[in-house]
Every structure is written in C-alpha cells, then in structure tokens.
Amino acid sequence: MAADRTPVIALMGNPNVGKSTVFNALTGARQHTGNWSGKTVSCARGTMNCDGREMTLVDLPGTYSLHPRSEEERVARDFLTAGEADAAVLVADATCLERNLILILQVLEVIPNVVVCLNLMDEARKKRIRINVPALERELGVPVVACAARRGRGLPTLTQTVCRVLDGETIPHPTAIRYPAEIENAVRASGLARADALAALTERPPEGLSAQQLDDLLTAAATLRAEEIALTCVQVPADADARDRCIDRILLSRRFGLPLMLLLLALVFYITLFGANVPSEWLSEHLLGLSTPFAAALSALGLPPFAVSLLVDGLWRVLATVVSVMLPPMAIFFPLFTLLEDAGYLPRVAFQLDHAFRRAHACGKQSLTMCLGQKRMRHAIHFPLR
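Read on for a plain summary of the structure. Quantities reported herein were computed from a predicted structural model and do not represent experimental measurements. (Residues numbered from 1 in each chain as written. Predicted model: local features only at pLDDT ≥ 70, side-chain atom pairs only at ≥ 80, totals over all residues. Heavy atoms only, no water.)

## Observations regarding the packing of helix α11 (residues 257-275) against helix α15 (residues 345-358)
Here's step 1: At a minimum axis separation of 11 Å, α11 and α15 run at an interaxial angle of 125°. In terms of orientation, α11 lies oblique with respect to α15. Both α11 and α15 take part in a crossing whose hand is left-handed. Touching G257, L258, L260, M261 and L264 of α11 are Y345, V349, Q352 and L353, all from α15.
Here's step 2: Residues that form the contact of α11 with α15 fall into these classes: 7 nonpolar, 2 polar and no charged. (Axes fitted to C-alpha atoms, helices over the stretch in contact; angles between N-to-C directions. Helix = DSSP H or I, 4+ residues; strand = E, 2+ residues; numbered from the N terminus. Parallel < 35°, antiparallel > 145°, perpendicular 65-115°, else oblique. Left-handed = near helix turned anticlockwise from the far one by under 90°. Contact = heavy atoms within 4.5 Å. Nonpolar A, V, L, I, M, F, W, Y, C, P; charged D, E, K, R; others polar.)

Put into structure tokens, the structure is as follows:
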C-alpha cells in the first residue's frame with residue numbers, strides 16, 4: 001500500500017448485527033440504523049481516524065454469504081473481490097455467533113487483513129452467553145475485539161487494532177475451510193491462489209459436480225467449520241433464547257401471526273392517517289394563508305404580474321401543499337416504525353411474508369418497502385393537491 005494513499009476499510013457482516021451503528025460510531029456519520037435485514041443496499045462511505053490518521057470506511061450491504069443470492073449480497077462480494085479494500089472489519093452478533101462465522105470464514109479466504117468486531121456483547125451477557133475471545137482469535141487466526149457499539153464500548157480498541165493490522169504490527173494467519181477432497185484437489189491443480197481458484201470453480205465446477213452441488217458443498221464445509229469453532233469457543237445456556245421463542249410461537253404462528261400483523265400495521269396506518277389530519281390542516285391553512293402577503297411583497301418590489309404568479313401560485317402554493325400533506329404523517333409514521341424496528345418485529349414481518357412474496361419472485365423484505373409506499377399513496381389520496 002502506497003504511503004500517500006488513504007487506506008480503505010470494508011465494513012461487513014450479516015444483516016441486523018449493528019453494522020450501521022458501528023459505522024456511525026467510527027465515522028461520526030448519521031446513517032439510519034434499522035432492525036431488519038437488507039436495510040443497506042448501497043455502499044456508504046465515511047472517514048474514521050486513528051491517532052490523526054484518516055481511513056476510508058465503506059459500509060457494505062449486509063450479507064449472509066459470499067455466494068450471492070440477492071442484490072445486496074452481490075454488491076458486497078463484488079467490492080471485496082475487486083481488491084479495493086486494504087482490510088476488512090467483520091461485525092458479528094455475539095448472541096448468535098455460529099451463524100456469523102460462516103461469512104467470516106468465507107471472507108478470510110478472500111482477504112487476510114481482517115479484524116472481527118464481536119458486537120452486542122452486552123446482549124450476550126444478558127442471555128448468559130459466554131464467549132472465549134482469546135480462543136476465538138486462535139481458531140480464526142485474526143484479531144477479535146469484543147464491543148457493544150450502542151454503548152461505545154470497545155470501539156477505540158477496534159480502531160487501534162485495525163491500525164496495527166494495516167501497519168503490519170499484527171499479522172493475521174487466517175484459518176482455512178476444509179473442503180471435500182475433490183474440491184481441494186481441483187484448487188491445488190489450478191495453480192491459482194486459493195481465493196482465485198475457488199472463484200474459478202464456481203464458474204466451471206469440477207467434473208461430476210453441478211453448480212448447485214458445488215455451492216452446497218462449499219456452504220456445508222463452511223457451516224461445519226463454523227460449528228466446530230462455536231463448540232470450542234461459545235457456551236450457550238439451554239434457555240438463552242427461551243423468551244424469543246415464546247414470543248415467536250405467538251407472532252409467527254399460523255393461527256395468530258397473520259391477524260396480529262394485519263391488526264398492528266392497520267393500527268399504525270390509522271394513527272398515521274387520522275393523527276395527521278389536524279396538523280396537516282393547520283399547516284395548510286397558515287402556509288397557504290401567506291400567499292396573499294407574499295404576492296403583495298413581490299408586487300411592491302416591482303416584479304411583473306407573471307413573475308408574481310409564477311413564484312406565488314406555482315412555487316409557494318405547491319411547496320406549502322407538499323409540506324402540509326407530507327410532513328405530519330412522516331413525523332408520526334417513522335417514529336412508530338422505529339419502535340417496531342427496535343422491538344424486532346419488522347424482521348418477523350419479512351419472515352412471515354417471505355413465502356407469499358416468493359410466489360411472485362420477490363422476497364419478504366420487500367413487504368417493508370411496500371408498507372412505506374402504501375402509507376404515502378394513501379395519504380396523498382386522503383389529502384389531494386389543491
């Protein structure tokens with residue numbers, strides 16, 4: 001890496017592990033954080049500092065695997081494999097580490113300069129989940145930093161660790177996934193670097209294997225290695241997820257799940273639409289009431305009638321109407337949706353509707369976007385432009 005070049009750090013992780021929270025804390029940005037998967041679809045960039053040294057931090061879309069099945073996963077993989085990143089910070093959820101390890105192991109095959117940010121350690125402690133961080137470092141062969149990003153804990157150590165990796169003071173020795181013999185033989189026979197050889201195999205699978213069979217074998221090998229590491233480093237009480245499972249039995253049940261979802265979303269829309277009536281009417285009355293004095297002031301300045309009409313009837317009335325129609329429902333709807341995010345209900349909505357949406361070649365995550373679009377459309381119909 002050139003001495004005058006600003007280092008680029010890729011920020012990666014599964015959806016809903018606190019990536020955006022870590023990004024905001026490290027860069028001082030105000031990217032919106034949400035408790036549903038696939039929230040980040042494009043790459044957000046920010047600047048982080050370590051002892052006066054600037055580094056570019058790129059927040060990649062949440063992904064479960066480097067074998068992409070969605071657009072956000074493809075964006076994350078393409079950025080990583082393009083070689084633009086000098087290092088990667090992988091954010092993992094300490095409350096369900098085994099699932100996160102699959103992505104971590106796959107990334108270690110592409111880029112060795114990796115620091116694992118073990119986020120949500122405070123939540124793990126509440127569930128009495130114990131993680132042996134030094135043992136996890138030995139198993140992965142890369143630095144692991146325990147963090148609680150919302151409380152700001154561990155982030156200075158994370159920044160310092162990234163700097164040490166970039167400066168060569170800490171040299172990672174990433175572990176490798178043990179693939180079946182036919183895959184390992186094909187990798188050795190290719191004569192390419194391991195990451196390049198595996199990428200080439202996905203384009204041209206070994207003889208006797210289809211592309212789907214190869215993908216299944218690669219995923220199964222990563223899953224097996226993740227299980228081995230989790231068994232070595234993580235102790236999870238049998239009742240750690242008892243409360244969540246009890247809630248899911250109600251919210252995701254076939255009998256109560258859909259009616260509860262429709263009732264809750266209908267309540268949110270009702271509060272949004274009818275709660276916005278009074279402030280919308282008030283804003284409309286007062287903002288449009290300024291049209292007459294505004295026109296008089298412009299005429300007093302000597303503007304011709306057509307210019308006054310353009311500014312008052314064309315610009316001001318449209319602006320006032322849009323503000324009075326859109327601002328009150330947005331001020332009500334988004335705080336309500338934020339409460340549902342923080343409560344963890346939106347991922348359950350996406351999961352519950354995923355099967356139905358897949359019949360239309362979509363996915364359950366799009367139901368959340370449709371909720372936003374339907375709210376705006378219904379409110380625009382309720383308060384048409386005058």
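## Comments concerning the environment of Q106
Here's step 1: Assignment of secondary structure puts Q106 in helix α3 (residues 97-108).
Here's step 2: Along the sequence, Q106 and T219 sit 113 residues apart, while their C-alpha atoms lie 9.2 Å from each other.
Here's step 3: Apart from the residues lying within four places of it in its own chain, the contact partners of Q106 are S65, L66, H67, I177 and A222.
Here's step 4: A polar contact of 2.8 Å, which involves the side chain of Q106, links it to the backbone nitrogen of L66. (Polar contact = N/O pair within 3.5 Å; in protein donor to acceptor, adjacent residues only side chain to side chain.)

## Some remarks on the side chain of T161
Here's step 1: In this structure, T161 sits in helix α6 (residues 155-167).
Here's step 2: In this structure T161 comes out as buried when scored by relative accessible area, which is 4%.
Here's step 3: A polar atom in the side chain of T161 sits 2.7 Å from the backbone oxygen of T157.
Here's step 4: With near-sequence residues (within four places) excluded, T161 lies in contact with V115, P143 and V145. (Buried < 20%, exposed > 50% of the residue type's maximum accessible area, 1.4 Å probe, protein only.)

## Some points on the side chain of S291
Here's step 1: Note on placement: S291 falls in helix α13 (residues 291-300).
Here's step 2: What makes S291 buried here is its relative accessible area of 7%.
Here's step 3: Within polar-contact distance, the side chain of S291 engages the backbone oxygen of L288 at 2.9 Å.

## Section: unusual backbone geometry
Here's step 1: Notably, N16 is not glycine yet its phi reads approximately 65°, a positive angle.
Here's step 2: With respect to the secondary-structure elements, N16 resides in the loop between β1 (8-13) and α1 (19-27).
Here's step 3: Although it is not a glycine, L120 sits at a positive phi angle of roughly 60°.
Here's step 4: Counting through the fold element by element, L120 comes out in the loop between β5 (114-119) and α4 (121-126).

## Describing α15
Here's step 1: Look at α15: 20 Å from first C-alpha to last across 14 residues, which is about the 20 Å you get at 1.5 Å a residue.
Here's step 2: Most pronounced at Q352, the bend in α15 amounts to some 35°.
Here's step 3: Those residues of α15 that fall on the buried side of the exposure criterion are Y345, L346, R348, V349, A350, L353 and F357. (Expected span 1.5 Å × (residues − 1). Bend = angle between axes of the 7 residues up to and from the residue.)

## So, the nonpolar core
Here's step 1: M12, L118, L136 and L140 are the most contacted members of the largest nonpolar core, which has 52 residues in total.
Here's step 2: Every residue in contact with L136, bar those within four places of it in the chain, is listed here: L97, L101, L118, I131, V144, I229 and C233.
Here's step 3: By size, the runner-up hydrophobic cluster in this structure holds 25 residues, among which are L11, V91, L158 and V165. (Core = buried A, V, L, I, M, F, W, Y, C linked by side-chain atoms within 4.5 Å.)

## Some remarks on a nonpolar patch on the surface
Here's step 1: Together, L267, Y270, I271 and F274 give the surface a local cluster of nonpolar side chains, amounting to about 410 Å² of exposed area.
Here's step 2: Within the element layout of this structure, F274 appears in helix α11.
Here's step 3: Among the residues examined, F274 registers a relative accessible area of 45% and is labelled partly exposed. (Patch = residues over 30% accessible without salt bridge, like charges linked within 9 Å, V, L, I, M, F, W, Y side chains within 5 Å. Areas by Shrake-Rupley, 256 points an atom, 1.4 Å probe, with all protein chains shown as cover. Salt bridge = Lys/Arg side-chain N within 4 Å of Asp/Glu carboxyl O.)

## Section: the pairing of β1
Here's step 1: Where burial is concerned, most of β1 is hidden: 6 out of the 6 residues are buried.
Here's step 2: Of the two faces of β1, both are covered, the one formed by V8, A10 and M12 as well as the one formed by I9, L11 and G13.
Here's step 3: By the bridge criterion, 4 bridges tie β1 to strand β3 (residues 53-59) in an arrangement that is parallel. Paired with V8 across the bridge in β3 is T56.
Here's step 4: As judged from the 5 bridges shared by β1 and strand β4 (residues 87-93), these two strands associate in the parallel manner. Looking at the pairing, I9 lines up with A87 of β4. (Pairing = 2+ DSSP bridges.)

Any functional reading would require information that these geometric values do not contain.
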